[in-house]
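Take a look at the letters that make up each chain.
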Amino acid sequence: MASLDRVKVLVLGDSGVGKSSLVHLLCQNQVLGNPSWTVGCSVDVRIHDYKEGTPEEKTFYIELWDVGGSVGSASSLKSTRAVFYNSVNGIILVHDLTNKKSSQNLYRWSLEALNRDSSPTGVIVSNGDYDREQFAENPVPLLLIGTKFDQIPESKRSEVLTRTAFLSEDFLAEEINLVIEKRYFTRDPSPVRLSFYLLF
Amino acid sequence: MFTSQVLFFGFGWLFFMRQLFKDYEVRQYVVQVVFSVTFAFSCTMFELIIFEILGALSSSSRYFHWKLNLYVILLVLIFVVPFYIGYFVVSNIRLLQRQRLLFACMVWFTFMYFFWKLGDPFPILSPKHGILSIEQLISRVGVIGVTLMALLSGFGAVNCPYTYMSYFLRNVTDGDILALERRLLQTMDMIVSKKKRIAMTRRQMYQRGEDQNKQTGFWGMIKSVTSTQSGSENLSLIQQEVDALEELSRQLFLETVDLQSTKERIEYSKTFQGKYFNFLGYFFSIYCVWKIFMATINIVFDRVGKTDPVTRGIEITVNYLGIQFDVKFWSQHISFILVGIIIVTSIRGLLITLTKFFYAISSSKSSNVIVLVLAQIMGMYFVSSVLLMRMSMPLEYRSIVTEVLGELQFNFYHRWFDVIFLVILHTIITWTCFFLSSNYSVFS
């Protein structure tokens, strides 16, 4: 098991958007029954067969680091959180489709994570402004996930989808809309199949 | 008069949008309106006091505005806000979604019942008044509000020196923080490796389980049972270890945050602002000690101050220092300044405390309810601060407050404030000492 390479993916987003539920769903193939606030960081692991079925098949452990908190928290909290941002291979940005502010805060989240990575001294350099150029040269792939789509009434759904299309354009990302239905698993669960599209 | 009310309303609205609801989306505008209305009418009360001292507007129009304001505030605090609180709480509970209005009314009636019962153990009812008079309502609101004021003052009295003074700051070096961070990352790595084992074991069990199911017959069944049992026992052991490690990681995280914030406070205390606040902290702690002393004396000797500080200050200067000046003229101005300062600092202090409280406990589901609760607290706080401010004003200005609010036992409220203040203070100080001493022992 030690010979398998390490893949570290951060899961970022405002509090209450559903990061812990998402991570639990991906790794345990179960819906999280009693979500509670994440203090610090919770990690979960998913085994992924890369290029399954081909001769180059390789099994990876994907570590999903679910970091709790909000963008507006105290600087002591932010500097402690920065400890988790070392050497990431990918970032998943989660936002709540019923709450516009959580989508707007995603810019700040991505800046927080990416700036920590690039500067060697560990000091957060940016002044908070969003710059699309930064994302163009960014080697870390991003995936945007919008949650709670089923809680939006039918009439507003198209409006929400246009908004998310703009958002993914800003991040220079491709968009996938997933609806994860709640299935009550019996004794042998069929694993939830989700392919990780690495987006550039 | 009305323009200023509109101004206050606008300010409350802005405060709501910018500060409180920074990270949430406002979906129910009712909440925002109610909050701003409460804020606007509370501020108008203070404005009326200032006008009273300055002598602006005519006496009858002031009286009219007072009455109007009072009625509106009581209406909002007792009818509107509790009803909406009940409504939003009920909306959050899925079971009762259908009959929201009905349940909200039920909640409101329960609230009214307890509110009424509140008046029984206190000596505030005089038999002259009827059941549904203003005095009844104000007296109860006053009791709750004064308790809140004493709570906040007590808490502020202890918290203020602790935050401002650098005496309480532990010495934190960068090395400490780095060491803790390293421990935290090591713990996370251990959690990751254990989870990898769990995932791999589960996968193998699942694959093996498929093979096992193909085995039929008696012996096949027994074999499948025993092998899966050992696998799952192993799993549960590792799972327990993971749970313990996760708890450890959470604690390490919190400790690191604590150290970081202490380090920032140390850096801040070395700046000019920091030194200034440090000095203020000493000043405040002396003031708090004096206040405790005064409160104890008031209770022990059963005495409530008869004259207000302004008149007494002027008397002292006239009698002992022999400086002659026009008492009436100066008393008006000084009391205006004093009352103004009290009002501004109490409003500012309350808003800051409310904001901090809101950030600490709100989530996207409960934000509406919490804002309404805060609006209720704010309204009651302001009403009772008007009540207590009566003591700080010279006799001639007290008359209108007494007239408008009816015949309440004002002395009772002062005494009640002192009692609660002392109780809270003692509780907090004992707790803090206990907490601090345990913290020191952990670190050394």
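The structure reproduced in this document is the subject of the present report. These numbers come from a predicted model, not from an experiment.

Focus: the overall build of chain A
1) Next: Along chain A, the regular secondary structure elements total five helices and five strands.
2) Next: Counting from the amino terminus, chain A carries its helices and strands in the arrangement β-α-β-β-α-β-α-α-β-α.
3) Next: For chain A, the proportion of its 200 residues judged to be buried stands at 44%.
4) Next: A sequence separation of at least 24 residues applies to 67% of the contacts in chain A between residues at least 6 apart.
5) Next: When the accessible area of chain A is evaluated, it comes to approximately 10,900 Å², of which 52% is carbon and sulfur surface.

Focus: the pattern of salt bridges
Residue and element names in this part refer to chain B.
1) Next: Under the criterion given, the structure shown has six salt bridges over all chains.
2) Next: One salt bridge in this structure joins glutamate 246 and lysine 195, with 3.1 Å as the shortest N-O distance. Here glutamate 246 is found in helix 7 (residues 217-269), whereas its partner lysine 195 is found in helix 6 (residues 174-214), with 51 residues between them in sequence. Of the two residues examined, glutamate 246 and lysine 195, each falls in the buried class.
3) Next: Its salt-bridge partner being arginine 250, residue glutamate 247 comes within 3.2 Å of it at the nearest N-O pair. Of this pair, glutamate 247 and arginine 250 both sit in helix 7, three residues apart, which is roughly one turn of the helix.
4) Next: Taking the relative accessible area as the measure of exposure, arginine 250 reaches 31% and is therefore partly exposed.

Examining helix 3 (residues 59-92) of chain B
1) Next: Its 34 residues give helix 3 of chain B an end-to-end C-alpha distance of 48 Å, which sits within 8% of 50 Å, the value for a rise of 1.5 Å per residue.
2) Next: Of all the bends found along helix 3 of chain B, the most pronounced is centred on Val76(B) and spans about 35 degrees.

Regarding unusual backbone geometry
Residues and elements named next belong to chain A.
1) Next: The residue serine 87 is not glycine, and still its phi comes out positive at about 45 degrees.
2) Next: Locating serine 87 in the fold gives a position in the loop between helix 2 (75-81) and strand 4 (90-96).
3) Next: By relative accessible area, serine 87 is classed as exposed at 55%.

About the criteria used
Residues numbered from 1 in each chain as written. Chains lettered and ligands numbered in written order. Predicted model: local features only at pLDDT ≥ 70, side-chain atom pairs only at ≥ 80, totals over all residues. Heavy atoms only, no water. Helix = DSSP H or I, 4+ residues; strand = E, 2+ residues; numbered from the N terminus. Buried < 20%, exposed > 50% of the residue type's maximum accessible area, 1.4 Å probe, protein only. Contact = heavy atoms within 4.5 Å. Areas by Shrake-Rupley, 256 points an atom, 1.4 Å probe, with all protein chains shown as cover. Salt bridge = Lys/Arg side-chain N within 4 Å of Asp/Glu carboxyl O. Expected span 1.5 Å × (residues − 1). Bend = angle between axes of the 7 residues up to and from the residue.

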